Amino acid sequence: MILPGETIGILGGGQLGRMIATAAAQLGYRCHIFAPEADSVAAEVSAAFTCADWHYREAMAAFAAQCAVITYEFENVPVTPLAALECKLAPGARALEVAQDRLAEKLFVSELGGTPAPFASVDGNADLRSAIEQIGAPGILKTRRDGYDGKGQWRLSALEDADSLDLPTTPLIYEGFIDFEAEFSVILCRGQDREVRFWNSAENVHKGGILATSTIPASPAVLAQIDEARALAAQVAQALDYVGVLTLEFFATANGPVFNEMAPRVHNSGHWTIEGAITSQFENHVRAICGLPLGDTSLAANSVEMRNLIGDDADDWAEILSNPANHLHLYGKAQARPGRKMGHVTRLVL
Ligand code: AMP
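Residues numbered from 1 in each chain as written. Predicted model: local features only at pLDDT ≥ 70, side-chain atom pairs only at ≥ 80, totals over all residues. Heavy atoms only, no water.

Taken together, 16 residues form the shell around the ligand, and within it Lys142, Gln153, Ile178, Glu183 and Glu261 come nearest. For the ligand, an oxygen atom lies 2.9 Å from a polar atom in the side chain of Arg102. For the ligand, an oxygen atom lies 2.8 Å from a polar atom in the side chain of Glu261. When the ligand sits alone it has 470 Å² of accessible area, and the protein chains cover 96% of it. Of the residues belonging to the shell around the ligand, the class tally is 5 nonpolar, 5 polar and 6 charged. (Near = heavy atom within 4 Å. Polar contact = N/O pair within 3.5 Å; in protein donor to acceptor, adjacent residues only side chain to side chain. Areas by Shrake-Rupley, 256 points an atom, 1.4 Å probe, with all protein chains shown as cover. Nonpolar A, V, L, I, M, F, W, Y, C, P; charged D, E, K, R; others polar.)

We now examine helix H4 (residues 102-111). Within H4, burial applies to Arg102, Leu103, Glu105, Lys106, Phe108 and Val109. Its side-chain oxygen at 2.9 Å from the backbone nitrogen of Leu103, Asp101 defines the N-terminal cap of H4. At the C-terminal side of H4, Gly113 shows a positive phi close to 100°. (Buried < 20%, exposed > 50% of the residue type's maximum accessible area, 1.4 Å probe, protein only. Helix = DSSP H or I, 4+ residues; strand = E, 2+ residues; numbered from the N terminus.)

Time to look at the state of the cysteines. Tallied over the full model, the rule gives 0 disulfides. Here Cys87 is not cross-linked by a disulfide; its sulfur's nearest cysteine counterpart is in Cys67, at 12 Å. On the basis of relative accessible area, Cys87 is assigned to the exposed category, the value being 77%. Take Cys189: it sits in no disulfide, and the sulfur closest to it among the cysteines is that of Cys290, at 11 Å. (Disulfide = S-S within 2.5 Å.)

All chains considered together, the criterion is met by 11 salt bridges. Across the salt bridge formed by Arg94 and Glu97, the nearest N and O atoms sit 3.4 Å from each other. Linking Arg94 with Glu97, this pair stays in helix H3 (residues 93-99), spanning 3 residues, or about one helical turn. Glu283 serves as the salt-bridge partner of Arg287, at 2.8 Å between the closest nitrogen and oxygen. Highlighted residues: Arg287 and Glu283, both in helix H10 (residues 281-289), separated by 4 residues, approximately one helical turn. The structure contains a network of salt bridges with shared partners spanning Lys106, Lys142 and Glu175. (Salt bridge = Lys/Arg side-chain N within 4 Å of Asp/Glu carboxyl O.)

With domains assigned, the chain is organised as domain 1 (7-89), domain 2 (118-176) and domain 3 (182-349). The gap between the C-alpha centroids of domain 1 and domain 2 is 34 Å. (Domains from an automatic or database assignment.)

On to a negative patch on the surface, then. A contiguous patch of negative charge on the surface is contributed by Asp312, Asp315, Asp316 and Glu319. With respect to the helices and strands, the residue Asp315 is situated in the loop between strand E15 (303-310) and helix H11 (317-321). (Patch = residues over 30% accessible without salt bridge, like charges linked within 9 Å, V, L, I, M, F, W, Y side chains within 5 Å. Lys, Arg positive; Asp, Glu negative; His and termini not counted. Charge placed at Lys NZ, Arg CZ, Asp CG, Glu CD.)

On the basis of which strands lie adjacent, the open sheet formed by 4 strands has the order E5-E8-E6-E7 and antiparallel pairing. Since the sheet does not close on itself, it has two edges, and those belong to strand E5 (119-122) and strand E7 (153-156), each with one partner. Neighbour-to-neighbour, the strand axes of the sheet open up by a mean angle of 20°, direction not taken into account. Pairing analysis gives 4 bridges linking E5 to strand E8 (residues 172-176), with the strands arranged antiparallel. If you follow Ser121 over to E8, its bridge partner there is Ile173. Seen against the sheet, H4 touches E5, strand E6 (139-143), E7 and E8 and runs at an angle of roughly 150° to E5. (Pairing = 2+ DSSP bridges. Axes fitted to C-alpha atoms, helices over the stretch in contact; angles between N-to-C directions. Contact = heavy atoms within 4.5 Å.)

With that out of the way, let us pick up the environment of Pro168. Examined against the element boundaries, Pro168 turns out to sit in the loop between helix H6 (161-164) and E8. Residue class for Pro168 comes out partly exposed when judged on its relative accessible area of 28%. Sequence separation between Pro168 and Asp123 is 45 residues; the distance between their C-alpha atoms is 9.0 Å.

When the terminal C-alpha atoms of helix H8 (residues 226-239) are compared, their 20 Å separation across 14 residues agrees well with the 20 Å that a helix rising 1.5 Å per residue should span. Of the residues one or two after H8, Asp241 is the one with positive phi, at around 45°. (Expected span 1.5 Å × (residues − 1).)

The next thing to look at is the packing of helix H1 (residues 15-26) against H10. The geometry of H1 relative to H10 is characterised by a closest axis approach of 8 Å and an angle of 70° between their N-to-C directions. If you check the angle between H1 and H10, you find them roughly perpendicular. Remark: the crossing between H1 and H10 carries right-handed chirality. Judged by residue contacts, Leu16, Met19, Ile20, Ala23, Ala24 and Gln26 of H1 engage Phe282, Glu283, His285 and Val286 from H10. (Parallel < 35°, antiparallel > 145°, perpendicular 65-115°, else oblique. Left-handed = near helix turned anticlockwise from the far one by under 90°.)

Turning our eyes to something else, we now look at the nonpolar core. Leu11, Leu248 and Met262 are the most contacted members of the largest nonpolar core, which has 43 residues in total. Elements that contribute at least two residues to this core include exactly helix H2 (57-65), strand E4 (69-72), H3, H4, strand E9 (182-190), H8, strand E13 (244-253) and strand E14 (256-263). Looking at this core, the element that brings in the most residues is H8, giving 6 residues. There are two domains that each give this core at least three residues, and those are domain 1 (7-89) and domain 3 (182-349). Among the nonpolar cores identified, the runner-up in size contains 40 residues, and Ile2, Leu211, Ile289 and Ala301 belong to it. (Core = buried A, V, L, I, M, F, W, Y, C linked by side-chain atoms within 4.5 Å.)

Written out as structure tokens, the structure is:
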């Protein structure tokens, strides 16, 4: 067990790290951020900061020596330098390895009985033509690695689009377009003692590939599919011998839940848990990686809505605060760029 007062290392310096560090501070832990970018909104609320390249071995070793346990808030941390941390890392590196590659992720989940969108690996225009012939159009071409918030994605509506696209040289995956009724996520926390707790599943609405809102309760179409989706998420957690918060995103379709992607970390669609659940995803992640008992994940309200503040949405902070029911979270980012997550606002109905 990692005792309060000890130091939790966090790989990644963004808002998820900031919210983990805030929850850790409440439990009496110190946090040490490791990130390659100098302006880290997580470091601003943490006790220590190492700003270094992921591959700078000496810096990583010095960081590790100062931490009792190390977690990550960013799923594209390169896995190779983490070999040196493996005994302190929670969740482990295998979860990152799987989640970093859309192809590996879909194969992994399929082997456990999950259903992803029909997919084919693509390397070049000829491959793309045959993928579209096999799967059909419309579809979405995605980079296998490093894509997030709709980045690295191209929507294709017909076979002819395969020839006109100037494809990147990185490995790609083509997915059939899913005609879904709704999108939802399953967020669980698995403790060191293997206990698994789930939060209520939020119904998620994306705009331009970026999460816009998460709402609880989800619609009946989603509620009917949660048990099946949870069973898959629990199997993924077990197969990875996972410790901490794990998120799986799904499309609710007429044929049941279709797996979209997983994140081996706390998730934007779980930000509502800070006020809307007895224990937040951030606190339970800290509890899990430190070997503490998990907190109650039940709802603390009848309904909850979380809305992301993207780009200049955050300029409305004063107006948001003028409604006393709103819980405003600003991440402290200096520049509001289009598509950048600047904060979120949560509203509960008790
Ligand atoms: P992703 O980065 O894969 O989560 O994609 C971002 C968003 O794009 C998803 O949340 C969906 O709204 C949409 N999307 C991604 N893949 C598909 C698909 N195969 N079919 C339909 N919509 C998709």
